[in-house]
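Given next are the chains, with one letter for each unit.
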Amino acid sequence: MELAECLAFFASVEVLEDLSPAELELIAPLATLRKYGSGECVCRQHEPLEDLLLVKRGRLIVSQQDAQGVDQPLTSFSDGEFVNESSIISQTLEIEHYVTARAIQATEIVHFNRQRFMGLLKQYGGLSVKVYSKVAKIVSRRLQNANSRRGNVTYLYRSKNRRWEHDLLGDREVAAEAYYGVQTLRALENFDISGVRLNLYPYFVNALAMVKKAAVLANHDLGLIETELKDAIVQACDEICLGALHNQFIVDMIQGGAGTSTNMNANEVIANRALEILGRSKGEYSVCHPNNHVNLSQSTNDAYPTAIKIATIHYNRDLVVVLRQLIGAIDQKAEAFRNVLKMGRTQLQDAVPMTLGQTFKAFSSSLKEEVGRLNHNADMFLKINMGGTAIGTGINAHPDYATKVEGHLRAVTGMPLYLAEDLIEATADTGAFVMYSSALKRLSVQLSKICNDLRLLSSGPRAGFGEIHLPAMQPGSSIMPGKVNPVIPEVVNQIAFKVIGNDLCVTMASEAGQLELNVMEPVIVECLFSSVEMLKNGMRVLADQCVAGITANVEKCQSYVQNSIGLVTALNPYLGYEVSTALAKEALESGRGIYELVLEKGLLTRETLDEILKPENMLGPRSGS
C-alpha cells in the first residue's frame, strides 16, 4: 500500500481512528498487505497467534469448533474490521487463535506482527493510551452484549455511525454496520420473548437464503429482475449459505405476525449485502429494496414455511446420523455382552433368564425403527407452497412463477421439492409439522425408556441391581462422599420430557390455525428445532459418554440367575409344572436358590442342570427332555 492510502485506511478503522497522522505513520511500517482467494484459510483455531489481522477489503467468515470438533460459524468480518484486536491487551506473548477465519471472496488482509505492534505501544505512551482505551471500549461493549439477553451481535462491531430508515410507522436510526433494517429493529424491540435468535439455527438461516435465491432466479427468468441486481442478490444469498452474516439474523424465534419479522430480517440483510456488492451504501433501497426486489413474487406465508421445511429436512438428516451412531454404540455392547447371562424381569419381578446382550439388542432394535419413522415423516416437508403468496391464490406473482421457483428450489437445495396441488390448502396446513413432531416424541419415549433401564440396571452399586456399571462422569453429591450418579441417562430423560412437552405445544399451535393461515407457525418451528437440537446433542452424549463405557458385572448377573425363583421357568419343560411349582414355593419360604434345591433333591445332575442353563439353551424356544 502507498503511505497515503495506508494512512487514510487506518484513520477509518475504529481501533486506530483516534490516532494522529504522526502516530499512524509509526504504525504504517508494521503493516503487510496479503491477498486471499475465496475459500482460503487466513488463520486456524489453536494455531499460534503471531499477527493482528485487519480486513482492508473483502469478507471473512469466522468459526469455532464445538465439543465434537465441528466448525460452527460465529460471525463475519468485512472492510475496516479487526479480527483479533482484543489480543493486544493480553500481556502473554505466546497465545493461540481462538477462531478459524476463511475468506469467502477475494479478500485483502493487513497483517501486523503482534509482538512488534505491542513493542511500539510500550515505546510510545500516548499511542499506547489511545489504542488500549479504544480496545478496552470494544471489549467492554462485547461483554455487555454477552451478558444481555437482548444482546445483538451486530453491536459487537458497531461504530458511532448511523443511518436513517423509514417504514409505515416512521423513521428510525439504524447502526451503520447493521445489514438488517428498520423492520428487523422493530421486531427486536417487540419480541424480547425467548432469547433464542434465528441465528441459533444456521440451517434455518441458510434455508431462508436458499428460498430468496430461488425466488430471484425465477423472477429473472420472467424478466422481472435485471441481471446485475439478480447477480448481487444471488451472491448475497450464497455468502449467507457459506455462513456469512448469520449474526445479522437477530429476531426472536417466537414472534407475532406469522413469521413476517423473520422474512423481513432475511429480506433486509440480503438487500443491504447486495447493495454493497453493487458498490452502493446500505439503505439505498431505491436500487435494491427488501420488499420490491428480494421479496418479489413472495409472501411471508409461502417463503417462511418453505424455509422451515428445507431447514427441518437438513436437521432431520443430522439427527438420523447421530441416532445411527447411538445405535452402533449399543450394538457393540450387545455383541460384547452376548454371553452374559442375567435375569429378565417383568413388572420389576424376576421372570426368565436372558443375556445382557439381548437387553442391549432390544434397545438397538427399538431405535432402528425410529430411523425409518423420522425419515418417512420428514419426507412430508418436500411438499411446499411457494408461489401461493398470501393465501395460496398466487396474487402479485407471475402466472409462471410458481413452476419456475419450484425448479430453482430443487436445484438450489438438491432436494426433490414439489408444489402442493392445492396451494390454498397447503398455505393453511401444518399437518406435516404435527406428524414430524410426533416422530420426535416417539423417539423421545424410546430413549427415555432405555435410560430408565440403564439407571435401574446400574442402581446400587451395592443396594441396587448393580448388573452393569455406567462410566463415572462426575461426583454425585455435595454431602455424600463417593456417590456417583447416572447423570447422562438422567439428562436424556429430561430431554425426552421437554420434547414431549414441545409436541403438545406443536399440536395446540396447529389446532389454533384459522381460515387461510396458521399464525402460530413461529412457536411450531421453535419447538421442532429445539427438540431436534436437544435430541441430537443428548444422543451424542449418551453414545459417547455413557454407552461406550458401560461394563457388565458378570458375577452379579450370574448370582441373580442362580438364586432367582424365575430360574424354575426354564426347568419347567424338564421337571413338569407341579414339581417346578413346589420348588418355587420351597425356595420362597426357605430363601434358598432353585439351583441349590434341584441338586439337593437329585432332580437333575449338575451336568444336566448346567447344560440347561447354558446361554444358548436358555434364550429361545426349546423342547423338553
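Summarised in this report is the structure supplied together with it. Each chain carries its own residue numbering, running from 1 in the written order of its sequence. At least 70 in pLDDT is required for a residue's local features to be given in this predicted model, at least 80 for side-chain atom pairs to be given and counted, and no such filter applies to totals for whole chains, interfaces and linings, which use all residues. Side-chain figures throughout are based on the complete set of non-hydrogen atoms in the structure, without hydrogens or water.

**What about the overall build of the protein?**
The condition that has to hold: Counting from the N terminus, the helices are DSSP H or I runs at least four residues long and the strands are E runs at least two residues long. Both definitions apply: the radius of gyration is a C-alpha atom measure, and the globule rule equals 2.2 Å times residues to the power 0.38. Exposure is judged per residue with a 1.4 Å probe applied to protein chains only, and the accessible area is read against the type maximum: over 50% gives exposed, under 20% gives buried, and values in between give partly exposed.
Across its full length, the protein carries 22 helices and 15 strands. Since a compact globule built from 625 residues should have a radius of gyration of about 25 Å, the 32 Å found for the protein marks it as more spread out than a globular shape. When its C-alpha atoms are laid out on the principal axes, the protein stretches across 105 × 70 × 40 Å. Taken over 625 residues, the protein has a buried fraction of 52%.

**Overview of the side chain of Ser-299**
Operational definition: Contact definition: two residues touch when any of their heavy atoms are within 4.5 Å.
With respect to the helices and strands, Ser-299 occurs in the loop between helix H9 (290-294) and helix H10 (300-336). Those residues in contact with Ser-299, other than ones at most four positions away along the chain, are Asn-263, Thr-389 and Ala-390.

**Here's the deal with the packing of H10 against helix H11 (residues 356-378)**
Two quantities define a packed helix pair, namely the angle between the helix axes and the distance between the axes. Put simply, the rule is: Axis definition: a line fitted to C-alpha atoms, limited for helices to the stretch in contact. Angles are taken between N-to-C directions and run from 0 to 180 degrees. An angle counts as roughly parallel when it lies under 35 degrees, as roughly antiparallel when it exceeds 145, as roughly perpendicular when it falls between 65 and 115, and as oblique in every other case. With the far helix as reference, a near helix turned anticlockwise by less than a right angle produces a left-handed crossing, and one turned clockwise produces a right-handed crossing. Residues are grouped as follows: Ala, Val, Leu, Ile, Met, Phe, Trp, Tyr, Cys and Pro are nonpolar; Asp, Glu, Lys and Arg are charged; all remaining types, including Gly, are polar.
Packing of H10 against H11 leaves a shortest axis separation of 9 Å and a crossing angle of 165°. On the basis of the axis angle, H10 is roughly antiparallel to H11. The element H10 and its partner H11 pack so that their crossing is left-handed. Across the interface between the two elements, Ile-313, Asn-316, Leu-319, Val-320, Leu-323, Arg-324, Leu-326, Ile-327, Ile-330, Asp-331, Lys-333 and Ala-334 of H10 pack against Gly-357, Phe-360, Lys-361, Phe-363, Ser-364, Leu-367, Lys-368, Glu-370, Val-371, Leu-374, Asn-375 and Ala-378 of H11. For the contact of H10 with H11, a count of residues per class yields 14 nonpolar, 4 polar and 6 charged.

**Focus: a negative patch on the surface**
Under the convention used in this document: What goes into a patch is any residue over 30% in relative accessible area without a salt bridge, connected to like charges within 9 Å or, for nonpolar side chains (Val, Leu, Ile, Met, Phe, Trp, Tyr), within 5 Å. Exposure was quantified through the Shrake-Rupley algorithm and a 1.4 Å probe, taking into account, for residues, occlusion by the shown protein chains and nothing else. In what follows, salt bridge is the name for a side-chain nitrogen of Lys or Arg lying within 4 Å of a carboxyl oxygen of Asp or Glu. Positive charge is attributed to Lys and Arg, negative charge to Asp and Glu, and no charge count is given to His or to the chain ends. To locate a charge, the coordinates of NZ of Lys, CZ of Arg, CG of Asp or CD of Glu are taken.
A cluster of acidic residues, Glu-421, Asp-422, Glu-425 and Asp-429, forms a negative patch on the protein surface. Checked against the element boundaries, Glu-421 lands in the loop between strand E13 (418-419) and helix H13 (423-428). A residue is classified by how much of its surface remains accessible, and Glu-421, at 87% relative accessible area, is exposed.

**What about helix H1 (residues 3-11)?**
Formally: Taking the helix axis as origin, the arc is that swept by the directions to the C-beta atoms.
All of the buried residues in H1 are Cys-6, Leu-7, Phe-9 and Phe-10. Considered in projection along H1, the buried side chains sweep an arc of 165° and stay on one side of the axis. Turned more than 90 degrees off the buried face of H1, the exposed positions are Ala-4 and Ala-8. Elements that come into contact with the buried residues of H1 comprise helix H2 (21-27), strand E1 (31-36), strand E3 (51-57) and strand E7 (107-113).

**What about the sheet that holds E3?**
Put simply, the rule reads: In short, DSSP must find at least two bridges between two strands for them to pair.
Pairing within the open sheet is antiparallel, and its 3 strands lie in the order E1-E7-E3. This sheet does not close on itself; its edge strands, each paired only once, are E1 and E3. On average, each strand axis in the sheet is tilted by 30° relative to the strand beside it, whichever way the strands run. Taken together, the 6 bridges between E1 and E7 define a ladder with antiparallel strand orientation. Within E7, the position partnered with Thr-32 by the bridge is His-111.

**A few points about helix H12 (residues 401-413)**
What counts, and what does not: By definition here, a helix of n residues has an expected span of 1.5 Å times n minus one.
Helix length check: H12 (13 residues) gives 18 Å between terminal C-alpha atoms against 18 Å at 1.5 Å per residue, within 8%. When H12 is considered as a whole, its buried residues turn out to be Tyr-401, Ala-402, Val-405, Glu-406, Leu-409 and Thr-413. Summarising the axial view, the buried residues of H12 lie within an arc of 130°, below the 170-degree limit, and thus occupy one face. Exposed side of H12, more than 90 degrees from the buried face: Thr-403 and Ala-411 are the residues found there. Each element contacted by the buried residues of H12 is listed here: helix H6 (202-221), H10, strand E12 (383-384) and E13. Backbone geometry just downstream of H12 places Gly-414 in the positive-phi region, at approximately 70°.

**Quick word on the packing of helix H15 (residues 487-511) against helix H16 (residues 521-545)**
Where H15 meets H16, the axes come as close as 9 Å, and the angle between the chain directions of the two elements is 165°. When the axes of H15 and H16 are compared, the pair comes out roughly antiparallel. Seen along the crossing, H15 lies across H16 with a hand that is left-handed. Here Ile-488, Val-492, Ile-495, Lys-498, Val-499, Asn-502, Cys-505, Val-506, Ala-509 and Ser-510 of H15 lie close against H16, whose contacting residues are Val-523, Ile-524, Cys-527, Leu-528, Ser-530, Ser-531, Met-534, Leu-535, Gly-538, Val-541, Leu-542 and Gln-545.

**With respect to the pairing of strand E6 (residues 100-103)**
Sheet topology places strand E2 (residues 41-43) next to E6; 2 bridges connect them, and they run antiparallel. Each bridged residue has a counterpart across the sheet, and for Cys-43 the counterpart in E6 is Ala-101. Sheet topology note: the strand E4 (residues 59-65)/E6 ladder contains 4 bridges and is antiparallel. Its bridge partner lying in E6, Ser-63 is registered against Thr-100.

**Here's the deal with the environment of Asp-51**
Of note, Asp-51 is situated in strand E3. Spatially, the C-alpha atoms of Asp-51 and Gln-115 are 8.1 Å apart, while their sequence positions differ by 64 residues. When neighbours within four sequence positions are excluded, Asp-51 is seen to be in contact with Arg-34, Asn-84, His-97, His-111, Phe-112, Asn-113 and Arg-114.

**A look at empty space enclosed by the protein**
A probe as big as a water molecule, rolled over the atoms, marks out the empty space that is left. Heads up, the rule is: Buriedness of a pocket was judged along seven lines, with at least five required to meet protein on both sides within 12 Å; pockets are open sets of points on a 1 Å grid over the protein atoms alone, cavities are sets where a 1.4 Å probe fits but cannot get out, and lining residues have an atom within 4 Å of a point. Grid points are joined across faces, edges and corners, and a volume is the space filled by probe spheres set on the points.
As enumerated under the stated definition, the model contains 1 cavity of 30 Å³ or more in all. Within this model, the largest cavity holds a volume of roughly 30 Å³. Forming the boundary of the largest cavity are Leu-49, Val-83, Asn-84, His-97, Tyr-98 and Val-99. Tallied by class, the residues present in the lining of the largest cavity amount to 4 nonpolar, 2 polar and no charged.

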